[in-house]
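Tertiary structure, described
Chain by chain, the residues:
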Amino acid sequence: MQQANLGLIGGGTVGSGVYHALTRNAALLTSRIGVGLGVRKVAVKAFDEPRPYSIPRRLMTTTWQEVVNDPEVHVVAELVGGTSVARTMILEALKLGKPVITANKALLSKHGEELFATAQRHKTNLYYEASVCGGIPIIKSLREGFVGNQITHLYGIVNGTCNYILTRMSREGAEFDAVLKEAQALGYAEAEPSLDIDGFDAQHKTGILASLAHGFWVDPKDIYVEGIRSVTRQDMEFAAKLGYTIKLLGMVKMTAQAPANRKSDRRQVQVSVYPALIPSSHVLASVGDVFNAVFVRGDVVGDTLFYGRGAGKDATASAVLSDFADAVLDLKCGSVNRVPAFVSHEVNGSVVPIDKVVSRYFVRLRVADIPGTLARITRILGDARIGISSVIQPEGQRETFVPLILMLHESPYGAVCAAFEKIRALQVVKGKPVILRVETFG
Ligand SMILES: NC(=O)c1ccc[n+]([C@@H]2O[C@H](COP(=O)([O-])OP(=O)(O)OC[C@H]3O[C@@H](n4cnc5c(N)ncnc54)[C@H](OP(=O)(O)O)[C@@H]3O)[C@@H](O)[C@H]2O)c1
């Protein structure tokens, strides 16, 4: 194979970034993989849309089928987004036996199983490095670099918007709403920010990482998700006093009842997304602003850390170019599925229901500042066998209801929720308790 051409569907942030990066580094890539590389066609919705990098008009079409069906397009990249037409585009290309690259985590999360099966059936491959954490090569690392490891723990700061907001709240003592508004003005948050701040984008990415690490397809419906809307400046301040920083974490953890070395056992994995208190001394606590990081613990390798830009035209283009090089090398060597897109090696695995997940907790209550309040609360916790590791009631408060912070020992989430339903009903407690998990990476 002398020359391999990429057909892009989508010429927006990522698509134009890929065009620009490939134009800049085509000679370098060619010298590395021994095949000439180029972009043959780019499908867009409208020719005159503004783009981060310009794309020559002669390459553009508004008919995506022209990209998929062009015999001179050897690899197709779907960089459109969404879960409807993008699915059709990918299926059409795979059915023609063409390798496909996608950055579309929402689509993979919803239809990944079908897309991977279609690729297998048509003896081609689907590459998706850009779908999780932009420029960080976490997919390749999990699939190839850690192929000899049982992935026991994975913690990801996988949403740049949330990390930016939490970083600014913590650094400046600012409230969530004010920082969100500024993030929107700066282009770090969407006008409709729910996908990011309610945790759904992190859910898509965490599900993909969990599926890859554990070899059974994780249904997004099984992933417990809490976003960052309820995190307040006050929580940040109390957490800091206790030596913690609050981060939105995507978590994939093998539970104790899942022996690592017996294939016949049904694997149980915690897969969840929520804001958690992490020790301020932990390396993930220093991952600030829009940066992403993934902390992976393998049973052979131990602890590893990946850090970088999780989005943006250039970082994401870097991941697409890596996939393009892999696809071309597979075509050149005739080694289709040398590294399959997804291997279901633990088909019987399942996600642990969140009620059964055990962790430590930080709880903030507003309580009446009168004798006996603490005793009534601790009695309910004691009856539920939930241990308290520390209690803070800041002095100098003048209101009738004052904050009370409880740090709890490890307990199942279901038991903690049930206990705080009872505590909430006490007359000495005002409002809904704020319950955040504490992650100590043990
Ligand atoms: N942006 C990031 O930093 C980032 C990072 C990682 C992954 N991703 C993923 O990458 C994908 C693309 O994101 P993006 O930010 O690049 O989106 P974008 O800027 O909105 O670009 C989308 C592109 O798709 C084109 N398009 C839409 N409908 C089309 C159709 N029916 N036929 C042909 N072209 C069509 C648009 O054409 P026009 O230009 O004419 O409007 C545009 O060029 C998404 O799945 C996203 O989740 C993005």
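This text gives an overview of the structure that appears in the document.

About the thresholds
- Residues numbered from 1 in each chain as written.
- Predicted model: local features only at pLDDT ≥ 70, side-chain atom pairs only at ≥ 80, totals over all residues.
- Heavy atoms only, no water.
- Helix = DSSP H or I, 4+ residues; strand = E, 2+ residues; numbered from the N terminus.
- Rg over C-alpha atoms; globule rule 2.2 N^0.38 Å.
- Buried < 20%, exposed > 50% of the residue type's maximum accessible area, 1.4 Å probe, protein only.
- Contact = heavy atoms within 4.5 Å.
- Near = heavy atom within 4 Å.
- Polar contact = N/O pair within 3.5 Å; in protein donor to acceptor, adjacent residues only side chain to side chain.
- Areas by Shrake-Rupley, 256 points an atom, 1.4 Å probe, with all protein chains shown as cover.
- Nonpolar A, V, L, I, M, F, W, Y, C, P; charged D, E, K, R; others polar.
- Core = buried A, V, L, I, M, F, W, Y, C linked by side-chain atoms within 4.5 Å.
- Salt bridge = Lys/Arg side-chain N within 4 Å of Asp/Glu carboxyl O.
- Bend = angle between axes of the 7 residues up to and from the residue.
- Axes fitted to C-alpha atoms, helices over the stretch in contact; angles between N-to-C directions.
- Parallel < 35°, antiparallel > 145°, perpendicular 65-115°, else oblique.
- Left-handed = near helix turned anticlockwise from the far one by under 90°.
- Pairing = 2+ DSSP bridges.
- Patch = residues over 30% accessible without salt bridge, like charges linked within 9 Å, V, L, I, M, F, W, Y side chains within 5 Å.

1. Some thoughts on the overall build of the protein
In terms of helices and strands, the protein carries 13 helices and 17 strands. Against the 2.2 N^0.38 benchmark of 22 Å for 442 residues, the protein shows a C-alpha radius of gyration of 24 Å, consistent with a compact globule. Seen along its three principal axes, the alpha-carbon backbone of the protein occupies a region of about 80 × 55 × 35 Å. Relative to its full complement of 442 residues, the protein shows a buried share of 56%. In the protein, the proportion of contacts linking residues at least 24 apart, taken out of those at least 6 apart, comes to 75%.

2. Brief notes about the site of the ligand
Near the ligand there are 22 residues, and of these G11, V14, A46, R51 and G312 occur at the shortest range. Note that an oxygen atom of the ligand is positioned 2.6 Å from one of the side-chain N or O atoms of R51. Contact between the ligand and K105: an oxygen atom at 3.3 Å from a side-chain N or O atom of the residue. When the free accessible area of the ligand is taken as 910 Å², the share hidden by the protein chains comes to 76%. Split by residue class, the shell around the ligand holds 10 nonpolar, 8 polar and 4 charged.

3. Some words on the nonpolar core
L126, Y128, I138, L142, I165, I228 and V296 are the most contacted members of the largest nonpolar core, which has 78 residues in total. In contact with I138, not counting residues within four places along its chain, are E129, V132, C133, L209, V294, V296 and F306. In this structure, Y155, V357, F401 and V402 belong to the second largest nonpolar core, which totals 39 residues.

4. Side note on helix α5 (residues 138-145)
Inspection of α5 places I138, I139, S141, L142 and R143 among the buried residues, and these make up the whole buried set. Close packing links the buried residues of α5 with β7 (151-157), α9 (200-214), β11 (291-298) and β12 (302-309).

5. What about the pattern of salt bridges?
What the rule picks out here adds up to 22 salt bridges. R87 is paired through a salt bridge with E114; the nearest N and O atoms lie 2.9 Å apart. Taken together, the residues span a long stretch of sequence, with R87 in helix α3 (residues 85-95) and E114 in helix α4 (residues 105-121) at a distance of 27 residues. Residue classification places R87 among the partly exposed residues on the basis of a relative accessible area of 27%. Here the salt bridges do not stand alone but share partners, grouping K140, E144, D326 and R338 into one network.

6. A few points about α4
The axis of α4 is deflected most strongly, by about 85°, at H111. All of the buried residues along α4 are L107, L108, S109, H111, G112, L115, F116, T118 and A119. Next to the buried residues of α4 lie β4 (75-78), α3, β5 (100-102), β6 (126-127) and α9.

7. Quick look at the environment of G148
Note that G148 resides in the loop between α5 and β7. By relative accessible area, which is 57% here, G148 ends up exposed. For G148 and V300, which are 152 residues apart along the polypeptide, the C-alpha to C-alpha distance reads 7.5 Å.

8. Let's talk about the packing of helix α6 (residues 160-172) against helix α7 (residues 176-186)
Packing of α6 against α7 brings their axes to within 9 Å, and their N-to-C directions diverge by 130°. Judged by the angle between their axes, α6 and α7 are oblique. The chirality of how α6 crosses α7 is right-handed. The segment α6 lies against α7, with Y164, I165, R168 and M169 engaging F176, V179, L180, E182, A183 and L186. Grouping the amino acids of the contact of α6 with α7 by side-chain chemistry returns 8 nonpolar, no polar and 2 charged.

9. Focus on the sheet that holds β5
In a beta sheet, neighbouring strands are held together by backbone hydrogen bonds and run either parallel or antiparallel to one another. Taken in spatial order, the 6 strands make up an open sheet running β3-β2-β1-β4-β5-β6, and their pairing is parallel. With partners counted over all chains shown, the strands left at the sheet margins are β3 (60-61) and β6, one partner each. Two strands pair when backbone bridges link them, and β5 and β6 are joined in this way by 2 bridges, in the parallel orientation. Opposite V100, over in β6, you have L126 as the bridge partner.

10. Examining a nonpolar patch on the surface
Nonpolar side chains collect at one region of the surface, where V283, L305 and Y307 lie side by side and expose about 260 Å² of accessible area between them. Turning to its location among the elements, L305 is positioned in strand β12. Judged by its relative accessible area of 38%, L305 is partly exposed.

11. Here we look at the packing of α3 against α4
Between α3 and α4, whose axes approach to 10 Å, the crossing angle comes to 15°. As the angle between them shows, α3 and α4 are arranged roughly parallel. Crossing geometry of α3 relative to α4 is assigned as right-handed. Where α3 abuts α4, its residues A86, R87, I90, L91, L94 and K95 lie against L107, H111, E114, L115, T118 and A119.

12. What about the pairing of β11?
Within β11, 7 of the 8 residues are buried, leaving the element largely enclosed by the surrounding structure. When β7 meets β11, the two strands line up antiparallel, connected through 6 bridges. The residue of β11 that forms the bridge with L154 is V296. Where β11 hands over to β12, the hairpin turn is made up of 3 residues, counted between the paired strands.

13. Structural notes on the pairing of β4
Judged by which residues are buried, β4 turns out to be covered on both faces: V75 and A77 on one side and V76 and E78 on the other are all buried. Pairing between strand β1 (residues 3-9) and β4: 4 bridges, direction parallel. Looking across to β4, one finds that I9 is bridged to E78. Bridging between β4 and β5 involves 3 bridges; their strand directions are parallel. Within β5, the position partnered with V76 by the bridge is V100.

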